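Take a look at the letters that make up each chain.
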Amino acid sequence: MGAVCNKISGVLLEYETLKVVHIRSKKVGFINRLIQLIVICYVVGYAIVYQKGYQDTDVVTSGVTAKLKGVAFTNLTDAAIGERIWDMADYHIPPQQTSAFYVMTNMHITAFQRNNTCAEKPSLKTCTSNADCPVNTLVPNGDGMMTGNCIQYNNTPPAGRMSCEVIAWCPVEDEDPSRNRPAVLGED
């Protein structure tokens with residue numbers, strides 16, 4: 001029985017160095033195993049159980065870079081722009097929030113727009129005479145500045161509707177609800 005205890009104490013209480021030198025000293029082996037036991041007890045007992053280190057959290061600091069690539073082809077004969085290639089500059093919108101990016105999924109086209117004078121939408125500013133359209137006055141929620149002229153708005157029926165002329169991107173965007181289409185990525 002003494003030989004077995006000596007063999008077990010010899011295996012447990014030996015200390016190895018990097019050169020694999022076996023030191024057969026019970027005193028040095030005991031100190032080695034005692035230090036190992038203290039380290040294990042500290043990690044398990046204090047850092048994990050007592051301090052609840054397993055529940056520790058930290059604030060995430062990260063960054064994401066999204067790069068849009070490729071082109072899209074459309075053939076919109078009803079919108080009077082015909083075939084068109086859309087690249088990243090057309091369908092990427094600069095972010096208006098931090099940590100966000102936007103990709104166009106739907107569009108509303110007013111064909112042949114240019115900076116000119118034209119009738120404002122009657123839903124925003126109707127008139128019966130030039131007096132109803134003060135010069136150099138902005139139309140609230142409108143498309144431009146009034147020129148002082150009351151003209152016929154003839155983009156959509158009924159004909160004969162009168163609206164104030166504005167300096168804007170003309171023709172102004174059409175409010176026809178039949179033009180509303182589902183988003184490009186929307187379900188049919």
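Preceding this paragraph is the structure being described.
Not measured: the values here are computed from a predicted model.

Chemist: Give me the lowdown on the pairing of strand β9 (residues 162-170), citing residues and values where you can.
Modeler: Relative to β9, strand β7 (residues 114-119) runs antiparallel, the two sharing six bridges. Residue pairing in the sheet places C118 in a bridge with V166 of β9. Where strand β8 (residues 145-152) meets β9, five bridges bridge the pair, whose relative direction is antiparallel. Its bridge partner being in β9, M145 is matched across the sheet by I167.

Chemist: I'd like to hear about the nonpolar core, residue by residue, with values.
Modeler: Counting residues in each nonpolar core, the largest one holds eight residues, listed as C127, C133, V139, M146, C150, C164, V166 and A168. Contributions of two or more residues to this core are made by β8 and β9. Among the elements that take part in this core, β9 stands out by supplying three residues, more than any other.

Chemist: Could you give an account of the environment of D132, with specific residues and numbers?
Modeler: Structurally, D132 is set in the loop between β7 and β8. For the pair D132 and C150, spaced 18 residues apart in sequence, the C-alpha separation works out to 7.5 Å. Separated by 2.8 Å, the side chain of D132 and the backbone nitrogen of T128 make a polar contact.

Chemist: Report on the pattern of salt bridges, specifying residues and quantitative values.
Modeler: By the definition in use, this model includes one salt bridge. Its salt-bridge partner being K121, residue D143 comes within 2.8 Å of it at the nearest N-O pair. One end of the pair, D143, is in the loop between β7 and β8; the other, K121, is in the loop between β7 and β8, with 22 residues separating them in the sequence. With relative accessibility at 8%, the residue K121 sits in the buried group.

Chemist: Please give an account of the packing of aromatic side chains that cites residues and values.
Modeler: Any pair of aromatic rings gets described here by the distance separating the centres and the angle formed by the planes. Enumeration over the complete set of coordinates arrives at two aromatic pairs. With 5.6 Å between their ring centres and 25° between their planes, Y42 and Y46 make a pair best called stacked. Highlighted residues: Y42 and Y46, both in helix α2 (residues 26-50), separated by four residues, approximately one helical turn. Accessibility expressed as a relative area gives 37% for Y46, which makes it partly exposed.

Chemist: Go over the state of the cysteines, please, and point to the residues and values.
Modeler: One pass over the structure, following the stated rule, counts three disulfides. Across the disulfide from C118 sits C170; the S-S distance is 2.1 Å. Disulfide C118-C170: the torsion about the S-S bond is -75°, which places it as left-handed. In this pair, C118 is assigned in strand β7 and C170 in strand β9, connecting sequence segments 52 residues apart. Accessibility assignment for this pair places C118 and C170 in one class, buried. Bonded cysteines in the chain are paired 1-6, 2-4, 3-5 when counted in the order they occur along the chain.

Parameters and conventions
Residues numbered from 1 in each chain as written. Predicted model: local features only at pLDDT ≥ 70, side-chain atom pairs only at ≥ 80, totals over all residues. Heavy atoms only, no water. Pairing = 2+ DSSP bridges. Helix = DSSP H or I, 4+ residues; strand = E, 2+ residues; numbered from the N terminus. Core = buried A, V, L, I, M, F, W, Y, C linked by side-chain atoms within 4.5 Å. Buried < 20%, exposed > 50% of the residue type's maximum accessible area, 1.4 Å probe, protein only. Polar contact = N/O pair within 3.5 Å; in protein donor to acceptor, adjacent residues only side chain to side chain. Salt bridge = Lys/Arg side-chain N within 4 Å of Asp/Glu carboxyl O. Phe/Tyr/Trp six-rings, centres within 6.5 Å; stacked < 30°, edge-to-face > 60°. Disulfide = S-S within 2.5 Å.

Functional significance is not addressed by these values, which are geometric in nature.
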